[in-house]
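As a plain string of letters, each chain reads:
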Number of protein chains: 2
Amino acid sequence: MNKLQYTFSGKTTTWYLDADFGYLAKLVDKDHTVLITDEHLFAAHQKRFGGWSTIVINAGEQYKVQATVDSIIEQLIELGADRKTTLIGVGGGVVTDITGYVAAIYMRGLAFGFVPTSLLAMVDASVGGKNGIDVGVYKNMVGTIRQPQFLLYDYAMLKSLPKEEWVNGFAEIIKHAAIKDAALFRELEKNKLTTYQKDKAALAKLIKRNVGIKAKVVEKDEFERGDRRLLNFGHTLGHAIENLYELSHGQAISIGMVAASMISEEFTDFKETDRVIGALKRYGLPTLAAFNAKEVINVLRMDKKKVKESMNYVLLNKIGQGVVRTIPLAELEKLVQSIITAR
Amino acid sequence: MNKLQYTFSGKTTTWYLDADFGYLAKLVDKDHTVLITDEHLFAAHQKRFGGWSTIVINAGEQYKVQATVDSIIEQLIELGADRKTTLIGVGGGVVTDITGYVAAIYMRGLAFGFVPTSLLAMVDASVGGKNGIDVGVYKNMVGTIRQPQFLLYDYAMLKSLPKEEWVNGFAEIIKHAAIKDAALFRELEKNKLTTYQKDKAALAKLIKRNVGIKAKVVEKDEFERGDRRLLNFGHTLGHAIENLYELSHGQAISIGMVAASMISEEFTDFKETDRVIGALKRYGLPTLAAFNAKEVINVLRMDKKKVKESMNYVLLNKIGQGVVRTIPLAELEKLVQSIITAR
């Protein structure tokens, strides 16, 4: 096992990397803990859940909605959960987002932890304390920012991860490299997906490095007034097309990163859109998609990063160096239109 | 106008007491502000709402539920509310509780302010940052703690307040006096409701004193680990019977305070239950009610102040001095049973 610690708003969050699921029993009191997971994970890991109070939700982003929150709250009441109860989300980003959100609002706040089970959740979704649910086509429209007490990563749980889920994770890994870590970007350009699937040590190192990239950014700017905004690279257009066209998160932000790279070439000295496209393709990610510009722009107008009539958009100065620029909505709309037309 | 300021988690909240509703326009940018109020207030004060984006909700505690939150969020999306939008709750405790809650979760948090329009909201509900909604019979089961930027009190809005609402406010005023301010308790024992309804200066002084009592407690203990718990005097049993028997909040906690005074006589040197009963009666509040002990105890078991098999219960050492005692649930159940039987 490998411990990492970062401090947010004066409180320490501990990562237990390369740990075993069973170690959970040493971290919390089983009698005052409720696990939250989804139906697939519950079926796949029944033994692991033995002896734990567990709430099982439907699997899939379409269930990251208020109705699921209502159902969890009802079950917590039935289970007699009180302020001393710890909630633990065992699953991918949907499970950890919902668990963090319920923990933020149930009885005005319970302690919580995560056992992320997908690569995406390990390197990104479970890190940084953002939680929430979708409202219609608007992703994460409702939520809070609140940090888990701990995260436990059991790499054995990645064994059953389908390939498309590995690909999703690499979208965020490439994002981290693009905005913060040129050396990692070069490493990714040399390797490929199977490198990390086959070499457990390389994978463990990669996950740890990505937790570090994100946790350090969040540690300095938990409430996203500065540098944390860089983590939205590819996510503005990405979120808009993700729910509109039922893309996976990785696919959507991959296309979003290509668009943001192209927009960067208009606003900064960035000239390496080809390298971004190359890396994304290398890990099985799509780099373009047909979509309706008007529809996308309507959703963009409701993006949380919109401020009055402008949008804070994340661009690249160069590989490994992201930057936020304020772009007037009207100009952004023209650019999105031209990117779509150009392809 | 009369300004008060208190600081919570390093941020200052400003009270504009004895102010005019119109002053709101000086505090916020009308174009990036949304007011939330209920149908009765909107009808009664139409002129005041002119020129403001306003969301109107159904009036009454039965609407302090998730469905109302869903509807407000839908309307905020339609209005194009973004992170720079300020929400202002204009109304009683239901409106301020819901507004604070929506402001905590919409886009992971907007700035917000309150214009409390009932005596209860002015002296209690709008002060201290607790927000939330009910779930079934469980009051405030879901919510957060987050402070408004400002509160504006326009005493002219109290003119149309029905008598039962005045009485509700005095239940919390008597509570504040009982746990923290023996001199205020003596003042209340000398005066009566009409004293404050007729004498605007006496009322203004009373409201300011009560804001001060509560805000100072919350300033020292925002997240309710210590002294803030005293503010729950009368609320444990009170909340249980409020929703079960459709009592007003004032009626419910009045009965709760009598029960807590009687329980105090078992655990502390307190011997003045008669004075508590006298003061409550003086302001038109009920001091006993027929209820089903078993039903009440079942709801008590889900109270947020329950911790594992005990309950943190607020008692009195003497008038003006509250104290928290941990009482095992089993013992509490017997006491509740005997209080009911005794009457």
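Residues numbered from 1 in each chain as written. Chains lettered and ligands numbered in written order. Predicted model: local features only at pLDDT ≥ 70, side-chain atom pairs only at ≥ 80, totals over all residues. Heavy atoms only, no water.

J.: Looking at this model, I keep getting lost on the UniProt feature "domain: 3-dehydroquinate synthase N-terminal" (unreviewed entry) in chain A. Mind explaining?
T.: When the UniProt feature table is mapped onto this chain, "domain: 3-dehydroquinate synthase N-terminal" (unreviewed entry) is found at residues 55–167 of chain A. As annotated, residues 55–167 of chain A has a helix share of 34% and a strand share of 23%, and its two end C-alpha atoms lie 28 Å apart. (UniProt positions renumbered as here; feature names shortened; annotations may be inferred. Helix = DSSP H or I, 4+ residues; strand = E, 2+ residues; numbered from the N terminus.)

J.: It is not clear to me how the UniProt feature "domain: 3-dehydroquinate synthase C-terminal" (unreviewed entry) in chain A should be interpreted in this structure. Could you clarify?
T.: UniProt tags residues 169–306 of chain A as "domain: 3-dehydroquinate synthase C-terminal" (unreviewed entry). Within the segment residues 169–306 of chain A, helix and strand shares are 70% and 1% respectively, and the terminal C-alpha atoms sit 26 Å apart.

J.: What exactly am I supposed to notice about the pattern of salt bridges here?
T.: It is possible for side chains of opposite charge to pair when their charged atoms get near one another. Here the structure, examined in full by the defined rule, presents 32 salt bridges over all chains. Lys64(A) serves as the salt-bridge partner of Asp97(A), at 2.6 Å between the closest nitrogen and oxygen. In this pair, Asp97(A) is assigned in helix H5 (residues 93–105) and Lys64(A) in the loop between strand S4 (53–57) and helix H4 (66–78), connecting sequence segments 33 residues apart. A residue is classified by how much of its surface remains accessible, and Lys64(A), at 3% relative accessible area, is buried. Put simply, Arg83(A) and Glu224(B) hold a salt bridge, and the shortest N to O gap is 3.9 Å. Here Arg83(A) is found in the loop between H4 and strand S5 (86–91), whereas its partner Glu224(B) is found in the loop between helix H10 (200–220) and helix H11 (235–244) on a different chain. Glu224(B) sits in the buried class, given a relative accessible area of 11%. Connected via shared salt-bridge partners are Glu61(A), Lys139(A) and Glu242(A). (Salt bridge = Lys/Arg side-chain N within 4 Å of Asp/Glu carboxyl O. Buried < 20%, exposed > 50% of the residue type's maximum accessible area, 1.4 Å probe, protein only.)

J.: What am I meant to see in the packing of helix H11 (residues 235–245) of chain A against helix H12 (residues 249–267) of chain A here?
T.: Any two packed helices are characterised by how steeply their axes cross, that is the angle between the axes, and by the distance between the axes. Residues and elements named next belong to chain A. Put simply, H11 and H12 touch, their axes get as near as 7 Å, and they point 140 degrees apart. One way to sum up the angle between H11 and H12 is to call them oblique. Our pair here, H11 against H12, has a crossing hand that is right-handed. For the pair H11 and H12, contact is made by His235, Leu237, Gly238, His239, Ile241 and Glu242 and by His249, Ala252, Ile253, Ile255, Gly256 and Ala259, respectively. Partitioning the contact of H11 with H12 into residue classes produces six nonpolar, five polar and one charged. (Axes fitted to C-alpha atoms, helices over the stretch in contact; angles between N-to-C directions. Parallel < 35°, antiparallel > 145°, perpendicular 65-115°, else oblique. Left-handed = near helix turned anticlockwise from the far one by under 90°. Contact = heavy atoms within 4.5 Å. Nonpolar A, V, L, I, M, F, W, Y, C, P; charged D, E, K, R; others polar.)

J.: Which parts of the structure should I look at to understand the domain arrangement of chain A?
T.: Bring the parts together and some accessible area is lost; that lost area is often taken as the interface size. All names here are of chain A. The assigned domain composition of chain A is domain 1 (2–161) and domain 2 (164–342). The C-alpha-based centres of domain 1 and domain 2 are spaced at 25 Å. Listed as interface residues are 32 residues of domain 1 and, on the opposing side, 34 residues of domain 2. Summing both partners gives a buried area of about 3,100 Å² for domain 1 against domain 2, and 65% of it is carried by carbon and sulfur. The three residues of domain 1 that bury the most area against domain 2 are Leu119, Val123 and Lys139, which together make up 20% of that side's buried surface. There are four salt bridges connecting domain 1 and domain 2. Two residues, aspartate 18 and lysine 200, come together in a salt bridge whose shortest N-O distance is 3.3 Å. The tally of links between domain 1 and domain 2 comes to eleven residue pairs in polar contact (both at pLDDT 80 or more). Breaking the side of domain 1 that touches domain 2 down by element, the ones donating at least two residues are strand S1 (2–8), strand S2 (11–17), helix H6 (119–125) and strand S8 (138–142). (Domains from an automatic or database assignment. Buried area = accessible area lost by both parts, 1.4 Å probe. Polar contact = N/O pair within 3.5 Å; in protein donor to acceptor, adjacent residues only side chain to side chain.)

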